[in-house]
Each structure stands twice: as C-alpha cells, then as structure tokens.
Amino acid sequence: MIDTWEKFFVSEIRKTSIKQLVHKIYLSYQNDVIYPAKKDLLNAFKLCPFSNVKCIIVGQDPYHEPNQAMGLAFSVNKGIDLPPSLVNIFKEYQSDLGYLPPKDGDLTKWAKQGVLLINSILTVKKGQAFSCNYPEYQMLFNDIISVLSQDKNPKVFILWGNSAQKCKKLIDESTHLILQSCHPSPLSCYRGFFNSRPFSKTNEFLKSKNRQMIDWKL
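Attention in this report is confined to the structure presented alongside it. (Residues numbered from 1 in each chain as written. Predicted model: local features only at pLDDT ≥ 70, side-chain atom pairs only at ≥ 80, totals over all residues. Heavy atoms only, no water.)

Quick look at the packing of helix α4 (residues 84-97) against helix α8 (residues 198-208)
Two elements in contact, α4 and α8, have axes separated by 7 Å at closest approach and are oriented at 55°. Considering the angle they form, α4 stands oblique to α8. Listed contacts from α8 to I89, E92, Y93, D96 and L97 of α4 are P198, F199 and S200. Counted by class, the contact of α4 with α8 contains five nonpolar, one polar and two charged residues. (Axes fitted to C-alpha atoms, helices over the stretch in contact; angles between N-to-C directions. Helix = DSSP H or I, 4+ residues; strand = E, 2+ residues; numbered from the N terminus. Parallel < 35°, antiparallel > 145°, perpendicular 65-115°, else oblique. Contact = heavy atoms within 4.5 Å. Nonpolar A, V, L, I, M, F, W, Y, C, P; charged D, E, K, R; others polar.)

This is the structure:
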C-alpha cells in the first residue's frame, strides 16, 4: 500500500517510462536553463506529505521566467511580481473568504497544511511554455492522481481549466470531491472561475468528513 511519497516514487522508478523521464529531466538540466531549480523540483511532495494531503490544486507547467517557479503550482518566490493567474486566484480568494489579497505569492503555507500544489509537467525551459511536455510526464501525473484517489482519506481535487480536468476520470467521486471551473488565466477567468468559491467549498467538504480544515489566510 502506498502511504508515503517515498514508497510511491520507489514504485514509479521501476517503470521504463519513468526511467526515461528521469533521463530526459537530467539531460534538460545539463543542456538548458530549466525551471524550477533542481533543488525545488519535488517541493510539492516535500512540503505536503502523502498522509497529509487534503486538497489537490492542479496546474499545467511551471512559470518560465527567471526566479518565479519554486516547485509549487501557481506559487512564486517571495518578492517576485505576481503572475496574472495568481492575481486572479487572489481576487477569488478575497471574494470567497473576505481576506485582503496577499502581496507575496508564496503558497508554502497552504502546502504545509495539506494542499498539494502539483503541476502536471514539473519542468520548463526558460522562456518557453510547455517546452518539457514529455509524454512520460502525463504517465507520472496520472499515477499521482490515481494513487491519491485510491487512498480512502477524503480529499478535494481542484481542477482549473481543460488540461487539469482531463484527470477527472481517474478520481473516485464516491470518496472525493471534484471542484472544477475554467482556468484563472486572464483569457478565461470570466467564464466561471470568479465566484466559484473553491476555498470555502473545500473547507465545507473537509468539515463534513471530519478532516481538519485549511487556514487559507496568507
């Protein structure tokens, strides 16, 4: 039974596809400027132990400009200007919860409380969105979602945008809650992201399942 990320990755690395992925990641760091920094690549898993996962927020690939990506989906390092999608997330955060929008975009506090901020693609070349869109990443991501769904501790899967929603079929909705809307990008946020209330709905579900709620305040 998988109950730690260590066990999960030990199991994954036995697969030929994941061995190929690790080799591609290694070569990319050798040959290109890759974000996030290698030390931050698995931050989402380091900061949010498997047994503590209560909510999964799915992103696409890391930010591709310098000093932004830190291994947590949608999060940026302290002192970095907020990317447009994160600005919109904080607008919904204010509307939903009544808190003032944070000035910093570091979401580490959420991760440490059980929010797995996971991109479906873990790396990106500098200045080139989706440049590391290897098919093996999709296999790894599907395995991550599947093993989280198989775990019987009730969780909330927050799926923003069509790319994130592709994994919906892997989630056991008899145990877990799926919250989906359009992506918070300025290109789509007015088509259902705003007023979707993902933060309060997550806590309502966790409370109903006798799980500790998340203190979203940053």
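Describing the pattern of salt bridges
Here the structure, examined in full by the defined rule, presents 11 salt bridges. Here D40 makes a salt bridge to K39, at a shortest N to O gap of 3.2 Å. Of the residues examined, D40 reaches a relative accessible area of 13% and is grouped as buried. Judged by its relative accessible area of 61%, K39 is exposed. (Salt bridge = Lys/Arg side-chain N within 4 Å of Asp/Glu carboxyl O. Buried < 20%, exposed > 50% of the residue type's maximum accessible area, 1.4 Å probe, protein only.)

Regarding the sheet that holds strand β2 (residues 55-59)
Read across the sheet, four strands follow the order β3-β2-β5-β6 without closing on themselves; strand pairing throughout is parallel. The strands lining the two open edges of the sheet, one partner per strand, are β3 (115-119) and β6 (177-181). Each neighbouring strand pair of the sheet contributes to a mean axis angle of 20°, computed without reference to strand direction. Where β2 meets strand β5 (residues 156-160), four bridges bridge the pair, whose relative direction is parallel. The residue bridging I57 from the neighbouring strand is I158, located in β5. Those strands touched by helix α6 (residues 135-150) are β2, β3 and β5, and its axis lies near 160° from that of β3. (Pairing = 2+ DSSP bridges.)

So, the environment of I214
Locating I214 in the fold gives a position in the segment after α8. The class of I214 is buried, set by a relative accessible area of 4%. With 15 residues separating them along the chain, I214 and F199 place their C-alpha atoms 8.6 Å apart.

A few points about helix α2 (residues 16-31)
Its 16 residues place the ends of α2 23 Å apart at the C-alpha level, agreeing with the 22 Å of an ideal helix rising 1.5 Å per residue. Among the structural elements, α1 (5-12), β1 (34-35) and α6 are those in contact with the buried residues of α2. (Expected span 1.5 Å × (residues − 1).)

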